[in-house]
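# Structure at a glance
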Amino acid sequence: MVIRDDAYWMGKAIAQARRAEAIGEVPIGAVIVKDGEVIARGHNLRESQQDPAAHAEMIAIRKAAKKLNSWRLTGATLYVTLEPCTMCMGAVILSRLDRVVFGSFDPKGGAAGSLYDLSNDSRLNHCVEVTSGVRGAETSAMLSGFFADLRARKKSEKLAAGTIPLAGEASP
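None of the values given here were measured: they were computed from a predicted structure.

Here the UniProt-annotated "binding site: Zn(2+)" (unreviewed entry) positions come out as His55, Cys85 and Cys88. The greatest C-alpha distance among the residues just named is 9.3 Å, despite their covering 34 residues of sequence, which places them together in space. Here His55 lies in the loop between helix H2 (46–49) and helix H3 (56–68). When its relative accessible area of 13% is taken as the criterion, His55 is described as buried. Leave out the neighbours within four places in its chain, and His55 touches Asn44, Arg46, Cys85, Met87 and Cys88. Leave out the neighbours within four places in its chain, and Cys88 touches His55, Glu57 and Met58.

Along strand S3 (residues 76–82), 7 of the 7 residues are buried, which leaves the element largely enclosed by surrounding structure. Bridge count between strand S1 (residues 29–34) and S3: 5 bridges; the pairing is antiparallel. Within the sheet, the bridge partner assigned to Ile32 lies in S3 and is Leu78. Across 5 bridges, S3 lies against strand S4 (residues 99–104) in parallel orientation. In the strand pairing of S4, Tyr79 is matched with Val101. Taking the sense of rotation as the criterion, the β-α-β connection linking S3, helix H4 (residues 86–94) and S4 turns out right-handed.

With that settled, the discussion passes to the side chain of Thr139. The residue Thr139 is located in helix H5 (residues 136–161) in this model. A relative accessible area of 1% places Thr139 in the buried class. For Thr139, the side chain forms a polar contact with the side chain of Ser104, separated by 2.6 Å. Those residues in contact with Thr139, other than ones at most four positions away along the chain, are Ile14, Thr81, Gly103 and Ser104.

The angle between the axes and the distance between the axes are what describe a pair of packed helices. Two elements in contact, H3 and H4, have axes separated by 9 Å at closest approach and are oriented at 20°. Comparing the axis directions of H3 and H4 gives the class roughly parallel. Judged by the twist between their axes, the crossing of H3 over H4 is left-handed. Of H4, the residues touching H3 (which contributes Glu57, Met58 and Ile61) are Met87, Cys88, Ala91 and Val92.

Cut-offs and rules
Residues numbered from 1 in each chain as written. Predicted model: local features only at pLDDT ≥ 70, side-chain atom pairs only at ≥ 80, totals over all residues. Heavy atoms only, no water. UniProt positions renumbered as here; feature names shortened; annotations may be inferred. Helix = DSSP H or I, 4+ residues; strand = E, 2+ residues; numbered from the N terminus. Buried < 20%, exposed > 50% of the residue type's maximum accessible area, 1.4 Å probe, protein only. Contact = heavy atoms within 4.5 Å. Pairing = 2+ DSSP bridges. Right-handed = clockwise from strand over helix to strand, strands pointing away. Polar contact = N/O pair within 3.5 Å; in protein donor to acceptor, adjacent residues only side chain to side chain. Axes fitted to C-alpha atoms, helices over the stretch in contact; angles between N-to-C directions. Parallel < 35°, antiparallel > 145°, perpendicular 65-115°, else oblique. Left-handed = near helix turned anticlockwise from the far one by under 90°.

Structure follows, in structure tokens:
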């Protein structure tokens, strides 16, 4: 019997993040696992679909509900490369996922411990077990690299268009 741990399943979420990156999306990926198998996958599609709700988690949750023919995802775990935002944690709670495992913390938008912690708010009708930092260095490096490349690309485009003055030149 092969034992698959959180790091293994996070690898599947990382593969989804790479799919997002390959199409120019922010590299965030998610998988939902139930009974030892992936039942749904998702990766960021906000830019491609011009949809603010097309987060990896939301896509995976919708697919899992469709596959199980139920909005209740009890007994399942969401693996995602970045800490879920408030929208995604809301969907996690509403779908009754048992557990969330994420890679990198999101200090500007995370709702599973960083900025907010919706996972264990007694005022809500469901609590979610959270495990953080799984393959965090890897997921963080992927995001940092993506944004560094994006900034460099934008700077290069501005230089080519002549909208950024070169050192020693006056602004246009």
